[in-house]
Amino acid sequence: MALSRLCSSSSNIGSNFFKPFSSAFFTLNRPITSDTTTTLTIETSIPFTAHNTDPPSRSVTTSPSELLSFFRTMALMRRMEIAADSLYKAKLIRGFCHLYDGQEAVAVGMEAGTTKKDCIITAYRDHCTFLGRGGTLVEIYSELMGRRDGCSKGKGGSMHFYKKDSGFYGGHGIVGAQVPLGCGLAFGQKYLKDESVTFALYGDGAANQGQLFEALNIAALWDLPAILVCENNHYGMGTAEWRAAKSPAYYKRGDYVPGLKVDGMDVLAVKQACIFAKEHALKNGPLILEMDTYRYHGHSMSDPGSTYRTRDEISGVRQERDPIERVRKLLLSHDIATEKELKDTEKEVRKEVDEAIAKAKESPVPDPSDLFTNVYVKGYGVEAYGADRKEVRVTLP
Amino acid sequence: MLGVIRHKTVRPTFSAFRHFSSSTKQMTVRDALNSALDEEMSADPKVFLMGEEVGEYQGAYKISKGLLEKYGPERVLDTPITEAGFTGIGVGAAYYGLKPVVEFMTFNFSMQAIDHIINSAAKSNYMSAGQISVPIVFRGPNGAAAGVGAQHSHCYASWYGSCPGLKVLAPYSSEDARGLLKAAIRDPDPVIFLENELLYGESFPVSAEVLDSSFCLPIGKAKIEREGKDVTITAFSKMVGYALKAAEILAKEGISAEVINLRSIRPLDRSTINASVRKTNRLVTVEEGFPQHGVGAEICTSVIEESFGYLDAPVERIAGADVPMPYAANLERLAVPQIEDIVRAAKRACHRSVPMAATA
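Small disclaimer: the values here were computed from a predicted structure and weren't measured.

Novice: Help me understand the UniProt feature "domain: Dehydrogenase E1 component" (unreviewed entry) in chain A in this model?
Specialist: Per the UniProt entry, the sites bearing "domain: Dehydrogenase E1 component" (unreviewed entry) are residues 73-368 of chain A in this numbering. Spanning residues 73-368 of chain A, this segment combines 45% helix with 10% strand, and its end C-alpha atoms are found 36 Å apart.

This is the structure in structure tokens:
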């Protein structure tokens, strides 16, 4: 029962988590404290590497409930992306589908280090980031399948998820564009004195974009609370980082802007880095975080991901550095959960995903009149036309 | 003197009263834009201005003169020469809820930022099904100036005019400049505001209504600058002045031309244009930019689609020459429309360019 209290306070996704075996718990006599204020201090996998700044400590404060929620959320994200893979192959998802499995620790650690008043903006690999910001599975799958209950009402697709009320500004298809946009969000936060920061995520491929440096220059000049986060999964589509960047030390690319290199497969390191970055940005302006991470899937569903990487490399990362496995080991070694409980969590999560997909499949496609909605906020009653102007002619609201 | 001489007919517009007032104030387009910016920044603390030289230099064309002193460096921001970066930042600020006015020193430089204008600004409200609106204004001089050469003379009216999600405005007079800029800043959608460098110093009469801080013109509505019955001439920006002069010359030859100042490229006021053509049965479109896929091409098609039976002559199109803008003054003169080109086209539309008895 203590365990269920711990979990319900930390995770809003895990409401059904402990119901099946809460009765079993009483027989186990586990040496876990029943209050939710237990703290644990765990060391990150490796120390942080810093550029033009002092690194934060590698001792991270966490709690059993936080670690459990990390496990559950990452397992949910993992399952969600794998199920999306199947839906794509079944042709229920069309066009683009960029999957995040392997990189879950970045999304989850960032949530632990920020509030919903902080803003996050990312590129097209956005399903898990959206989930972390409070999006629901049904919204995600409906959007992916182009249905009315999608977070963008079916009009955006995989690359265009948004959740403005919890500071998630998308979901962008043009590589690198989200970084100046993120600096603009930070400008807004400073202008309105909101005491919050923006995390603008981009990949190692986007790290070479000129507009990134233009935006970083302005952010540094104007002291904007912008944190640029390079999710370095070492491949920009099919091009390895060493073939695209003369200097792949992305955390140093800011030159006069401080940077931090973080093990992006260690959710606690990500959390620590984000807390550090937020504090820094509010006082001193922009900072670069480089998350050393990895994606198991190819760039997108059109890319097998094995023509430019060896299968050994992929399975090697899965064995040595998988973010979920890392947390599983921590939970087991600290006696926070048993193997069976964690396996049951994974089964729960799988069921949740399956139910969400079933529900999303029931969502209808958008009404044809939705073709013409949201072109403008204020349409002044102007006319818009369909493919045959004599046939389809509407007045914009 | 542009746009001041009018028919002394009573028209159901406010400007008719101007004839009866004893003193009409004159205002340059520059001052009109400056005062509009000033008033909107004063009214709404979320409005801010950013661009190259807008602050300490008082504006490359002095449009933002005095604003830095009045509103401070937090609201009037000098940017580095990095259009892609600062435009993206402006759009991001608009996402967050601020109301940026982004100045391009000329719209030629907007090409460096066009991805943010189209993909980050114009399409966001649609892609997010209404979650992310972008209340931003992109403004600056557009089209040909004088002797600035090919890279600095491009007209972007049809480029931006083709993109759903954008509103594109092109003021001519000081009244247009004030009313449309205020409307653009208040508008919740991304607006492209195409000014003209050569018009900045032109003076136009402005009424008390125009000078009032609440003055605003509707977006999507053209203005009939001069009423006529024989031929419709559409124009925007500087070409409105040329069209009005052409109309005077035509009047002396017995052709009564109706001059329409488009004011709004997108949404295009098709109903005003078509109503005019249904009255006059002849159309000449005038623009400074390149003809292919231009504004005139769209107007022509709109009239053919909606008013084909009313046309008594093919639609005539006057546009810039199909060449990059040359530098030499005589070549430059040949590359942009002149008043005589508009007159000639109007006469052709009225079947007056060739004597009727030619085919005997």
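That covers the picture; the talk isn't over yet.
Novice: Got a minute to help me understand the domain arrangement of chain A in this structure?
Specialist: Accessible area lost upon the coming together of the parts is a frequently used measure of interface size. Residue and element names in this part refer to chain A. As assigned here, chain A comprises domain 1 (40-366) and domain 2 (367-396). The distance between the C-alpha centroids of domain 1 and domain 2 comes to 36 Å. Every contact between the two is made by four residues of domain 1 and, on the other side, five residues of domain 2. Surface buried jointly by domain 1 and domain 2 totals about 330 Å² across both partners, of which 40% is contributed by carbon and sulfur atoms. Summed over the three residues of domain 1 that lose the most area to domain 2, namely Arg148, Lys155 and Pro366, the buried surface amounts to 93% of that side. In this structure, the connection of domain 1 to domain 2 is made through zero salt bridges. For the interface between domain 1 and domain 2, the tally reads two residue pairs in polar contact (both at pLDDT 80 or more). For the side of domain 1 that touches domain 2, a count of residues per class yields two nonpolar, no polar and two charged.

Novice: Teacher, can you tell me more about the interface of chain A and chain B here?
Specialist: Listed by partner, the interface residues are 48 residues for chain A and 51 residues for chain B. Both sides of the chain A and chain B interface together cover about 4100 Å² of buried area, and 63% of this is carbon and sulfur. It is Tyr162, Tyr191 and Tyr376 of chain A that lose the most area in chain A upon contact with chain B, and together they represent 16% of the buried surface on that side. One can count three salt bridges joining chain A with chain B. Note that Glu298 of chain B and Arg389 of chain A form a salt bridge whose closest N and O atoms lie 3.9 Å from each other. Inspection of the chain A/chain B interface yields 23 residue pairs in polar contact (both at pLDDT 80 or more). Here the side of chain A that touches chain B gets nine residues from one element, more than from any other, and that element is helix α7 (residues 178-191) of chain A.

Novice: How should I be thinking about the domain arrangement of chain B in this particular structure?
Specialist: All names here are of chain B. Per the domain assignment, the segments making up chain B are domain 1 (25-211) and domain 2 (223-351). Using only C-alpha atoms to locate each centre, domain 1 and domain 2 end up separated by 26 Å. Domain 1 puts 30 residues into the contact, and the matching count from domain 2 is 25 residues. Between domain 1 and domain 2 the total buried area reaches about 2000 Å² when both faces are included, carbon and sulfur atoms providing 58% of it. When the buried area of domain 1 at its contact with domain 2 is split by residue, Gly147, Ala170 and Tyr172 rank highest and sum to 24% of it. For the pair domain 1 and domain 2, the interface holds two salt bridges. At the surface where domain 1 touches domain 2, the tally comes to nine residue pairs in polar contact (both at pLDDT 80 or more). The class makeup of the residues in the side of domain 1 that touches domain 2 is 19 nonpolar, eight polar and three charged.

Conventions and cut-offs
- The written sequence of each chain sets the order in which its residues are numbered from 1.
- The lettering of chains begins at A and the numbering of ligands begins at 1, in the order of writing.
- Confidence filtering applies because this is a predicted model: local features only for residues at pLDDT of at least 70, side-chain atom pairs given and counted only at 80 or more, and all residues used for totals across whole chains, interfaces and linings.
- With hydrogens and water set aside, each side-chain value is computed from the structure's full complement of heavy atoms.
- UniProt positions are given in the numbering used here, feature names are shortened, and annotations may be inferred rather than shown by experiment.
- By definition, any uninterrupted DSSP run of H or I lasting at least four residues is a helix, any uninterrupted run of E lasting at least two residues is a strand, and each is numbered from the N terminus.
- Where each domain begins and ends follows an automated or database-derived domain assignment.
- Here a residue-residue contact requires only that any non-hydrogen atoms of the pair lie within 4.5 Å.
- Summed over both partners, the accessible area lost on bringing two parts together, with a 1.4 Å probe, is the buried area.
- By salt bridge we mean one thing: a side-chain nitrogen of Lys or Arg within 4 Å of a carboxyl oxygen of Asp or Glu.
- In protein, a polar contact means a hydrogen-donor-capable atom and an acceptor-capable atom, both N or O and within 3.5 Å, with residues adjacent in sequence counting only if both atoms are side-chain atoms; elsewhere, any N or O pair within 3.5 Å suffices.
- Residue classes follow a fixed rule: Ala, Val, Leu, Ile, Met, Phe, Trp, Tyr, Cys and Pro count as nonpolar, while Asp, Glu, Lys and Arg count as charged, and any other residue, Gly among them, counts as polar.

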